[in-house]
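Examining the three-dimensional arrangement
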Amino acid sequence: MVADPSLLLQGGFFIVLLIAVSAWDIYKRIVPDMLCLCIALTALLDFTPEKLLGLIPSLVLLSAALLWGGMGGGDIKLMAASGLVLGFYNGMTALMAGLILLLLFHALCFMIQKLRGRTVPRAYPLAPFLSIGCLAAYFLV
């Protein structure tokens, strides 16, 4: 079976851009708008109007940021751009997978730091976890 070249191109760009966003967030604690825009533009390679519903998962992050704070706007923009590529269901899958990975990572860090008698970090870059969730939803679902 031959894969659609536009999907192969979109998947390749999606991987590279999510890796770039993750690295940038880890090292500089910021998600660049230009990378989010590039991710959104990859959605044009396989665009359908239904994929606009992929913006909804980012509203979950926006609501959390407005209610509780502690989250940057870059993570919201990253999820919105990725949602345009993934669509609603895969976008929600990506969001939940990323947040679950973050919780598991925090639990592991918590246990290790407590055993060492050190303080536990209060914040982590979210983009790497969202990126893993997005890639899993794109390629596995």
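What counts, and where the lines are drawn
- Residues numbered from 1 in each chain as written.
- Predicted model: local features only at pLDDT ≥ 70, side-chain atom pairs only at ≥ 80, totals over all residues.
- Heavy atoms only, no water.
- Disulfide = S-S within 2.5 Å.
- Buried < 20%, exposed > 50% of the residue type's maximum accessible area, 1.4 Å probe, protein only.
- Helix = DSSP H or I, 4+ residues; strand = E, 2+ residues; numbered from the N terminus.
- Contact = heavy atoms within 4.5 Å.
- Expected span 1.5 Å × (residues − 1).

All told, the structure shown has 0 disulfides when counted by the stated rule. In this structure Cys-134 is not part of a disulfide, and its nearest cysteine sulfur, from Cys-36, lies 10 Å away. Take Cys-134: its relative accessible area is 0%, and that puts it in the buried class.

For Met-79, the location among the structural elements is in helix α4 (residues 73–86). Considered as a pair, Met-79 and Ala-23 are 56 residues apart in the sequence and their alpha carbons are 16 Å apart. Excluding anything up to four places from it in sequence, Met-79 contacts Gly-54, Pro-57, Ser-58, Leu-61, Gly-91, Ala-94, Leu-95, Leu-130 and Cys-134.

A word on helix α6 (residues 127–140). Relative to the 20 Å expected for 14 residues at 1.5 Å per residue, α6 spans 19 Å between its end C-alpha atoms, a close match to the ideal helical length. Residues of α6 that are buried: Ala-127, Pro-128, Phe-129, Leu-130, Ser-131, Gly-133, Cys-134, Ala-137 and Tyr-138. Each element contacted by the buried residues of α6 is listed here: α1 (5–28), α3 (56–68), α4 and α5 (88–116).

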